[in-house]
Amino acid sequence: VQLQACGGGLVQTGGSLRLSCAASGRTFSNSNMAWFRQAPGKEREFVAAISWAPGVTAYATSVKGRFKISRDSAKNTVYLEMSSLRPEDTAVYFCAGEARTTLQLMQQTADYDFWGHGTQVTVSS
């Protein structure tokens, strides 16, 4: 199973980026998926999650209203649209997927079974 994240880059404060995470080797159509991020010297933190059930999402307080998570189950891909970016959003962004099928959206790294390698997002001030 592979989760390939892409779309990161360097952007100015207030700018936008769209991250993609394409999964292969396993379908995630019945699994929750999420984005986490890790800044230098900090622990990996929850950003957003999306349920396999339509219309169910969750966001960290710090990104709510600025980021939007979505998925295309037919393409086995999850997206993270980021706008109004701030320097504190600078981090490596990781996508993750659960092995099980559950209605509860989890926000801890230990709850996710599959991880991508991450894509760097840098927001300049």
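The structure under discussion appears in the preceding block.
Quantities reported herein were computed from a predicted structural model and do not represent experimental measurements. In this convention, every chain numbers its residues from 1, walking through the sequence in written order. A pLDDT threshold of at least 70 governs which residues receive local features in this predicted model, and a stricter bar of 80 or more applies before side-chain atom pairs are shown or counted, although totals over entire chains, interfaces and linings include all residues. With hydrogens and water set aside, each side-chain value is computed from the structure's full complement of heavy atoms.

## Re the overall build of the protein
- From N to C terminus, the protein includes 0 helices and 11 strands.
- Start at the N end of the protein and walk to the C end: the helices and strands fall as β-β-β-β-β-β-β-β-β-β-β.
- By principal-axis analysis of the C-alpha atoms, the protein measures approximately 40 × 25 × 25 Å.
- Scored against the burial criterion, the 125 residues of the protein give a buried share of 45%.
- Whether two residues are in contact is decided by their heavy atoms: any pair within 4.5 Å suffices. For the protein, the proportion of contacts with a sequence separation of at least 24, taken over those separated by at least 6, is 59%.
- Here the protein has roughly 6400 Å² of accessible surface; of this, 48% comes from carbon and sulfur atoms.
- Between the centroid of the 12 positive side chains of the protein and the centroid of its 9 negative side chains there is a distance of 4 Å. The way it works is that DSSP assigns letters per residue, a run of H or I at least four long becomes a helix, a run of E at least two long becomes a strand, and they are numbered from the N terminus. A 1.4 Å probe rolled over the protein chains alone gives each residue an accessible area, and that area as a share of the maximum for its type sets the label: buried under 20%, exposed over 50%, partly exposed in between. All accessible-area figures derive from a Shrake-Rupley calculation using a 1.4 Å probe, and residue coverage is judged against the displayed protein chains alone. Charge convention: Lys and Arg are scored as positive, Asp and Glu as negative, and His as well as the terminal groups of each chain are ignored. A single reference atom marks each charge: NZ on Lys, CZ on Arg, CG on Asp, CD on Glu.

## What to know about the environment of Ala22
- Along the chain, the position of Ala22 falls in strand β3 (residues 17-24).
- Each C-alpha atom, one on Ala22 and one on Arg71, is 9.9 Å from the other, the two residues being 49 residues apart in sequence.

## Some details on the pattern of salt bridges
- The salt bridge definition used is simple: a Lys or Arg side-chain nitrogen within 4 Å of an Asp or Glu carboxyl oxygen. What the rule picks out here adds up to 4 salt bridges.
- Salt-bridge contacts for Arg37 lead to Asp89; the nearest nitrogen and oxygen are separated by 2.9 Å. Taken together, the positions of Arg37 in strand β4 (residues 33-38) and Asp89 in the loop between β8 (77-82) and β9 (91-97) put the pair 52 residues apart, joining distant regions of the chain.
- Look at Asp89 and you get buried, because its relative accessible area is 1%.
- For Arg66, the salt bridge goes to Asp89, with nearest N and O atoms at 2.8 Å. With Arg66 in the loop between β6 (57-59) and β7 (67-72) and Asp89 in the loop between β8 and β9, this pair connects stretches of sequence that are 23 residues apart.
- A single network of salt bridges, built from pairs that share partners, joins Arg37, Glu45, Arg66 and Asp89.

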